[in-house]
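Residue strings, one per chain:
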Amino acid sequence: MQLISDILSKKRLFFLLLGLFLFRVFYGLTSEFWFEDELQIYLIGLKSFTQHLWPYYGPDVVYTNTQIPGAAQGLLVSLPFYLLPIPESPTLFLNILSFFSLLLFARYILFRIKGVPAWLVYLLVLASPMTLFFSTRVVNPSYVVTFSFLFFVAWFESLEFYKERWLKPWVSYLILGVTATLIMQLHLSWVLLFPLLGFSFFRLFTLHRGSFLRLTAIWVAGALIGLITLFPTLLNPDVHAGNVSSNIVFNLSNFGKIFTVFSRYVLLSGFDINYLLGGSTEARLAVLKEFWFLIPIAPYLLILGFAQVLLFVAVYFLNKDGNDWKWVKRINLFVFLMVWVSFFFSIKGPSTHAFVIVMPLPVFYSIYVYRWFISRWKWGFTFIKITVVAMVIFSFGLSLYNLKHKSLYTDREKVVKAIEEKDYHVLGERRSDVWGYGF
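Reading guide: rules and limits
Residue indices begin from 1 for each chain and proceed along its sequence in written order. In keeping with the predicted nature of the model, local features appear solely for residues at pLDDT of at least 70, side-chain atom pairs appear and are counted solely at 80 or more, and the whole-chain, interface and lining totals rest on all residues. The basis for every side-chain value is the complete set of non-hydrogen atoms in the structure, without hydrogens or water. In DSSP terms, a helix is any run of H or I states spanning at least four residues, a strand is any run of E spanning at least two, and both are numbered starting from the N terminus. Restricting the calculation to C-alpha atoms gives the radius of gyration, and the globule rule supplies 2.2 Å times the number of residues raised to the power 0.38. To sort residues, take the accessible area from a 1.4 Å probe on protein chains only and compare it with the maximum for the residue type: under 20% means buried, over 50% means exposed, and anything in between is partly exposed. The contact definition used throughout considers only heavy atoms, calling two residues in contact when any of these lie within 4.5 Å. In this description, a line fitted to the C-alpha atoms serves as the axis of each element, helices being fitted only across the stretch in contact, and the angle between N-to-C directions of two axes falls anywhere from 0 to 180 degrees. Here roughly perpendicular refers to angles of 65 to 115 degrees, roughly parallel to angles under 35, roughly antiparallel to angles over 145, and oblique to all remaining angles. Crossings are sorted by hand: turned counterclockwise from the far helix by less than a right angle, the near helix makes the crossing left-handed, and turned clockwise it makes it right-handed. In this count, Pro and Cys sit with the nonpolar residues alongside Ala, Val, Leu, Ile, Met, Phe, Trp and Tyr, while Asp, Glu, Lys and Arg are called charged and the others, Gly among them, polar. One less than the number of residues in a helix, times 1.5 Å, gives the span that helix is expected to have. Residues belong to a common nonpolar core when they are buried Ala, Val, Leu, Ile, Met, Phe, Trp, Tyr or Cys residues joined through side-chain atoms within 4.5 Å. Salt bridges are counted wherever a side-chain nitrogen of Lys or Arg sits within 4 Å of a carboxyl oxygen of Asp or Glu. Any residue with an atom within 4 Å of a point lines the site, the site being either a cavity, points on a 1 Å grid over the protein atoms alone where a 1.4 Å probe fits but cannot get out, or a pocket, an open set with protein on both sides within 12 Å along at least 5 of 7 lines. Grid points are joined across faces, edges and corners, and a volume is the space filled by probe spheres set on the points.

Peer 1: Could you clarify how one ought to interpret the overall build of the protein chain in this entry?
Peer 2: Helix and strand content of the protein chain: 20 helices and two strands. Rg of the C-alpha trace for the protein chain: 22 Å, near the compact-globule value of 22 Å for 439 residues, within the 12% margin. Along the three orthogonal principal directions, the C-alpha set of the protein chain runs to about 60 × 60 × 55 Å. Counting the 439 residues in the protein chain, one finds 54% classified as buried. Summarising the internal contacts of the protein chain: among those between residues at least 6 apart in sequence, 80% fall at separations of at least 24.

The structure is reproduced here in structure tokens:
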């Protein structure tokens, strides 16, 4: 009977994960395609593929007309075209990468945090509205999130505040090296990782001084692997394109936005419905008017988002469960403050996508919160089940709206023509074509 139970359990898990993968692919394929940021990232890869060019520079920083050095972004989009030259290839490839990255993170949570059902962890990590939005569509924050979930699994392991290891030390430091230097080529928020790396090496030196040089060398080796795609750019620099340091400006106006940063930081693991529905009241209402079944769900999740912020604060003080929890909550507090301070030197305000790189931390924190919540109230588990169903329906409804109004499929033939004719100009112009420099 136990064997039959184990087989059925594994079968249910397999179909749950298969369903989540297919749902994520559907969400990614139906997501925004034609907005300037998404289109430009897609065009970097399409230009590289159609012109057989090495993509020396990656995402554009529009505030200063500069580009992030390195070929990682261009290759992540262009290489799938060589395997399968259809418009969907980059999205399919991204979703394979992001699915396994987030799945690894979910498995790590299940190993570290006991008392939360596996199906709930998988759904919260792989299918929450914010992780769907930031890990399934072809835009550079999606690739950042994909590598950052791997980074933070290795980072948690490197700190050793859990008694039992999940990764060997050398594996942790290798992953830390590779992911940090890949993310460096995708988004300017990479700078947030290096204070965390500094703390990791401080802990290593304090706890295992004899292994410090060996593991540091392994990290360097990993960093060099990630930098392989940057070296050609360093050998052939474009002084106009790569001057990303011009985006560092003293911006004291962000000092007063601490509560904005805090709520958006917490909601990386929750339900920031306003952010997901659109940038204006008109855009949000358009979705609800067309898909009426979202009308009761969206306000529910909106209110729940505000409640989640309050719950996260309350549990920070009320939960007394274990030394590992103390580490997790203090790390989250430190990183939130670090993110807030970082905007004092940013040319722009605290948009969520600007610090989505740290998403794994509030997600990890949230599982501790939900465990505490479930253990204290009998109705808590039922409430969470209802919420999970609501978030899946909401994401599905948003996908249907995007499919009709914003997705690749509003004009797929245009992309097909660009691929077949090996001319990315058919789809659009790279910003660099207008600037006269960069890639």
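Peer 1: Got a minute to help me understand the packing of helix α9 (residues 193-207) against helix α10 (residues 212-227) in this structure?
Peer 2: Across the interface, α9 lies against α10 with an axial gap of 10 Å and an inter-helix angle of 155°. The orientation of α9 with respect to α10, classified from their angle, is roughly antiparallel. At the point where α9 passes α10, the crossing takes the right-handed sense. Counting all contacts with α9, which are made through F194, L197, F201, L204 and F205, the residues of α10 involved are F212, L215, T216 and W219. Across the contact of α9 with α10, the residue classes tally to eight nonpolar, one polar and no charged.

Peer 1: Got a minute to help me understand helix α7 (residues 140-159) in this structure?
Peer 2: Along an α-helix, residues three or four apart share an orientation, since each turn contains 3.6 residues. Here α7 contains 20 residues, and its C-alpha end-to-end distance of 28 Å stays within 8% of the 28 Å for a straight helix at 1.5 Å per residue. For α7, the tally of buried residues reaches 19 of 20 residues, placing the bulk of the element in the interior. Just downstream of α7, E160 is the residue with a positive phi angle, here 60°.

Peer 1: What is the right way to look at the nonpolar core in this model?
Peer 2: For soluble globular proteins, the rule of thumb is that nonpolar side chains tend to be buried together. By size, the foremost hydrophobic cluster in this structure holds 138 residues, and its most contacted members are W155, V358 and F364. For this core, the element with the highest residue contribution is α7, accounting for twelve residues. For F364, the residues in contact, after removing those within four places along its chain, are F105, Y108, I109, R112, I113, F156, Y162 and V328.

Peer 1: In this structure, what is going on with the pattern of salt bridges? I would like to understand it.
Peer 2: Pairs may arise between side chains of opposite charge once their charged atoms sit close together. Applying the stated criterion across every chain yields a total of ten salt bridges. Residue R431 is joined to E36 by a salt bridge in which the shortest nitrogen-to-oxygen separation is 3.9 Å. Of this pair, R431 sits in helix α20 (residues 431-435) while E36 is found in helix α2 (residues 36-51), placing the two residues 395 residues apart along the sequence. Note that K404 is salt-bridged to E290, the shortest N-O span being 3.0 Å. A residue pair is termed long-range when its members are at least 10 positions apart, and K404 in helix α18 (residues 378-405) and E290 in helix α14 (residues 281-290) qualify at 114 residues. Each of E36, D37, D60, R430 and R431 takes part in one network of salt bridges that share partners.

Peer 1: Just checking my understanding: could you explain the layout of surface pockets for this structure?
Peer 2: Gaps left between atoms are located by rolling a probe of water-molecule size over the structure's atoms. Estimates place the volume of the second largest pocket at around 300 Å³. For the second largest pocket, the lining is made up of 14 residues, of which S263, R264, L267, D272 and F306 are closest to its centre. Put simply, the parts of the chain that give the lining of the second largest pocket at least two residues each are α12 (258-266), α13 (273-277) and α15 (297-318). Per element, the largest residue contribution to the lining of the second largest pocket is four residues, and it comes from α15. Its residues assigned to classes, the lining of the second largest pocket comprises seven nonpolar, five polar and two charged.

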